Amino acid sequence: MNIRRPRQIRTLLFTTILCAQTAAVLAQQTVDHTQLDAAATKVLSEVVNWRRDLHAHPELAFQEQRTSDIIATELHRMGYEVSRGMAGTGVVGLLKTGRPGPVVALRADMDGLPVMEDTGLPFASKQHVKQNTPQGNTEVALMHACGHDMHVAMLLGAARVLADLRGQLSGTVKLVFQPAEEGVPNAPNGAERMVKAGVLDSPKVDAMFGLHVGITPQPTGTISLRARGLMASSDTFDIVVKGQQTHGALPWNGVDPIVVAAQIILGLQTIVSRQTNLTLAPAVITVGTLQGGQRANIVPGEVKMSGTIRSFDPAMRDQILAQVRRTTENLALASGATANVSIDAGYPVTWNDPALTAKMLPSLRRIAGTAVLTDVPPTTTSEDFSFYGQRVPSMLFFLGVNPPGTAPTDWAPNHSPRFNPDEGALLTGVRTLASLAADYLTGN
Ligand SMILES: [Zn+2]
Ligand SMILES: [Zn+2]
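The model shown is predicted, which means the values in this text are computed figures rather than measured ones.

Some points on the sheet that holds strand 7 (residues 207-213)
The eight strands are arranged 1-2-6-3-7-18-8-17 in an open sheet whose pairing can be described as mixed. Each end of this open sheet is capped by a strand with a single partner; those strands are strand 1 (81-86) and strand 17 (372-373). Here strand 3 (residues 103-109) pairs with strand 7 via four bridges, running parallel. Across the sheet, Ala-105 pairs through a bridge with Met-208, a residue of strand 7. Running over the sheet, helix 3 (residues 65-78) touches strand 1, strand 2 (90-96) and strand 6 (172-178) and is turned about 165° from strand 1.

Here's the deal with the nonpolar core
Leu-75, Leu-162 and Phe-177 are the most contacted members of the largest nonpolar core, which totals 69 residues. Membership of the second largest hydrophobic core comes to 26 residues, among which are Ile-271, Val-272, Ala-281 and Val-324.

A few points about the coordination of the zinc ion (ligand 1)
For the zinc ion (ligand 1), the full set of protein donor atoms is Cys-146 (SG), Glu-182 (OE) and His-415 (NE2), and the range of their distances to it is 2.0 to 2.2 Å. Site description for the zinc ion (ligand 1): donor spacing in sequence, C-x35-E-x232-H. The distance between the zinc ion (ligand 1) and the zinc ion (ligand 2) comes to 3.1 Å, and Cys-146 binds to both of them. Taken together, the residues span a long stretch of sequence, with Cys-146 in the loop between strand 5 (136-141) and helix 4 (148-164) and Glu-182 in the loop between strand 6 and helix 5 (190-196) at a distance of 36 residues.

Remarks on the confidence of the model for the protein chain
The share of residues in the protein chain with pLDDT of 70 or more is 94%, and the mean pLDDT across the chain is 93. Within the model, the stretch residues 1-27 combines pLDDT values under 50 with nine contacts to residues more than four positions away or in other chains.

Remarks on the pattern of salt bridges
Scanning the entire structure with this criterion turns up 19 salt bridges. The residue Arg-160 makes a salt bridge to Glu-46 at a minimum N-O spacing of 2.9 Å. Taken as a pair, Arg-160 in helix 4 and Glu-46 in helix 2 (residues 33-56) lie far apart in primary sequence, 114 residues in all. When its relative accessible area of 21% is taken as the criterion, Arg-160 is described as partly exposed. For Glu-46, a relative accessible area of 29% translates into the label partly exposed. For Asp-69, the salt bridge goes to Arg-84, with nearest N and O atoms at 2.8 Å. A residue pair is termed long-range when its members are at least 10 positions apart, and Asp-69 in helix 3 and Arg-84 in strand 1 qualify at 15 residues. Given a relative accessible area of 40%, Arg-84 falls into the partly exposed group. Connected through shared salt-bridge partners, Arg-51, Arg-52, Asp-149 and Glu-423 make up one network.

As for the environment of Ala-227
Its location among the elements puts Ala-227 in the loop between strand 8 (223-224) and strand 9 (228-231). Assessed through its relative accessible area of 28%, Ala-227 is described here as partly exposed. Along the backbone, Ala-227 and Leu-396 are 169 residues apart, and their C-alpha atoms lie at a distance of 9.4 Å. Not counting chain neighbours up to four residues away, the residues in contact with Ala-227 comprise Asn-352, Pro-354, Thr-357 and Thr-374.

Calculation criteria
- Residues numbered from 1 in each chain as written.
- Chains lettered and ligands numbered in written order.
- Predicted model: local features only at pLDDT ≥ 70, side-chain atom pairs only at ≥ 80, totals over all residues.
- Heavy atoms only, no water.
- Pairing = 2+ DSSP bridges.
- Helix = DSSP H or I, 4+ residues; strand = E, 2+ residues; numbered from the N terminus.
- Contact = heavy atoms within 4.5 Å.
- Axes fitted to C-alpha atoms, helices over the stretch in contact; angles between N-to-C directions.
- Core = buried A, V, L, I, M, F, W, Y, C linked by side-chain atoms within 4.5 Å.
- Buried < 20%, exposed > 50% of the residue type's maximum accessible area, 1.4 Å probe, protein only.
- Donors = N, O, S within 2.8 Å, 3.2 Å for Na, K, Ca; no water.
- pLDDT = per-residue confidence, 0-100.
- Salt bridge = Lys/Arg side-chain N within 4 Å of Asp/Glu carboxyl O.

Right, here's the structure in full:
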């Protein structure tokens with residue numbers, strides 16, 4: 001007897017079977033971590049070679065041509081689909097497993113800095129580049145003084161590991177090699193341009209991970225991070241207060257912009273101290289420049305000032321930016337002056353998604369055990385990784401590169417001509433990047 005099932009029930013059955021099959025496929029995918037670690041150890045000597053070669057040949061922001069050539073060649077060799085030219089020199093590598101699953105992205109930044117190296121390393125940079133400066137055409141020395149050479153080398157290492165483990169993975173790995181983390185004056189930085197160019201789309205990224213060497217003087221191999229705001233947002237403001245010029249002995253005949261500027265400076269300080277919930281996250285407003293007047297006995301017509309705002313919470317940042325504008329404009333108005341506020345939005349808060357961070361902690365602990373520090377204080381430096389975090393759940397961590405036996409006080413920090421990250425951290429970096437991607441894809 002043939003019972004024709006109603007269409008809805010047939011569809012439901014079909015969907016159920018399909019879901020069960022998909023779940024079975026997903027459930028089959030488990031990562032052999034012993035194999036992952038062995039693959040990382042195997043690629044380590046190449047990682048060191050890549051790192052030293054990149055270190056000897058640093059390139060400035062948006063000029064990372066040689067670096068991106070090397071990356072593209074290596075990724076091709078490993079079997080990645082490679083696309084180039086995003087944000088100028090960006091390289092994106094796709095590893096498709098052919099099995100359904102999420103898309104996980106890993107990021108490395110490629111740019112060096114205009115710093116004259118003073119490490120004495122055998123592979124120290126001797127590179128120079130001509131730069132147009134207000135002083136004319138000058139030659140500047142270049143150095144990988146922020147460790148982005150390490151980042152590229154470790155991500156290439158992780159790329160190889162993930163390619164080796166392809167058969168154990170489901171979903172897609174997207175590797176993002178971006179230009180210009182350090183940025184260039186008055187222009188969008190690398191990550192912002194990559195996001196605008198669609199790096200998080202087609203295929204749409206579900207989660208993104210990145211690391212930065214150093215930043216704090218943690219011993220080699222330490223992994224440190226915190227959920228929520230890890231690194232500060234950084235915004236710049238310019239204020240022009242317009243009053244009315246008059247004789248210094250007859251102030252009632254004009255509007256004194258110097259007194260108004262003084263009120264604004266104090267008013268801005270009450271935003272953090274009186275209007276911001278500092279139990280949630282810290283914040284800083286600093287007025288760094290103040291210019292007005294030429295003579296002791298003349299009230300000038302105008303005062304200019306500028307400053308910086310740092311915060312660790314996206315909502316708090318929005319609120320502070322609005323309050324800076326409101327406080328400035330209304331204090332000026334109260335005295336019969338006007339104030340023009342322009343805010344140059346810089347890097348957002350580097351926000352570690354709390355749920356994603358909690359989910360990935362076991363992966364970090366498997367690699368570094370008790371050397372995973374999960375609640376480090378936030379740092380007031382900024383990272384353009386934050387632009388990815390505005391769009392997709394993301395997590396950035398710091399990798400300790402301070403060699404054993406070096407006191408934190410002897411630490412030459414990032415951007416120093418003596419910055420010399422310990423290559424002993426490279427293996428931890430490769431294992432961690434590969435594990436985060438593999439574990440995220442397989443839900444291990
Ligand atoms: Zn830097
Ligand atoms: Zn950096």
